[in-house]
Structures are given as structure tokens and as C-alpha cells.
Amino acid sequence: KGAIYTGIWRNGQYSEGTLQFSNGSKYKGSFSNGLMHGKGTIFSKDERVIRAGEWKNGDLIEPEAIASDPLKCEDLFLAQEFLKERFSISANDLR
């Protein structure tokens, strides 16, 4: 259930970068309060776009792209569940 974050760290939180999930999918974009917030895209492990657009508090509010393969929607679910857990990580965890 782990993930690796690479990006900008502000005020004790990740704010702009990439969050790679254990299944190989990843979210690239903006975050706020530990959730997808602002412009961002979820990619499958083979780099296909799953969801893209404007996010607010972990939810896609203005979609730009939707997965052509419904099975890949599991990547979106994993990303939302992972971020909604709102666990806190320290700068040391990112090394």
C-alpha cells in the first residue's frame, strides 16, 4: 500500500509532483492537504492516461480525458483511496 513521492515539498506537505503507487500507476500534478487538487493526471503503469483535468479535494471536477479501458479505473480508485487516508509523511520518509 506504499507510494513514492517525487516533487516539491511545502509547509510539511507535498504540493506539486508525482506520486507513484505500488501497482505502477501514478498521479502527476498538484496537491493540497494531501489530496489531488488543481491540475493533474493519473497514468496507468504503461503510461496511458486514466484521468486528467482539474481536481478538488481528491475528486476530478473538470475532466479532460477518461480511460478507454474500464479496467484501468482501478488505478483511479487506488489513487483516491491512498490520498484520502490522509496519512502524514515527513521529509525523512521521502529520501
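Coordinates for the structure precede this section.
All values reported here derive from a predicted model rather than from experimental measurement.

Criteria and cut-off values
Residues numbered from 1 in each chain as written. Predicted model: local features only at pLDDT ≥ 70, side-chain atom pairs only at ≥ 80, totals over all residues. Heavy atoms only, no water. Pairing = 2+ DSSP bridges. Helix = DSSP H or I, 4+ residues; strand = E, 2+ residues; numbered from the N terminus. Salt bridge = Lys/Arg side-chain N within 4 Å of Asp/Glu carboxyl O. Buried < 20%, exposed > 50% of the residue type's maximum accessible area, 1.4 Å probe, protein only.

**Observations regarding the pairing of strand β1 (residues 3-10)**
Each regular strand carries side chains that alternate between the two faces of the sheet.
Piece 1. Sheet topology note: the β1/strand β2 (residues 13-21) ladder contains eight bridges and is antiparallel. Paired with Tyr5 across the bridge in β2 is Leu19.
Piece 2. The antiparallel pairing of β1 with β2 creates a hairpin that spans two residues between the two strands, and Asn11 there sits at a positive phi of about 50 degrees.

**Quick word on the pattern of salt bridges**
Any two side chains of opposite charge can pair if their charged atoms end up close together.
Piece 1. Per the stated rule, a full pass over the model turns up three salt bridges.
Piece 2. The closest approach of N and O atoms between Glu64 and Lys39, which form a salt bridge, is 2.2 Å. Highlighted residues: Glu64 in strand β6 (residues 59-66) and Lys39 in strand β4 (residues 35-43), separated in sequence by 25 residues.
Piece 3. On the basis of relative accessible area, Lys39 is assigned to the partly exposed category, the value being 49%.
Piece 4. With a closest N to O distance of 3.2 Å, Arg48 and Asp46 form a salt bridge.
Piece 5. For Arg48, a relative accessible area of 37% puts it in the partly exposed group.

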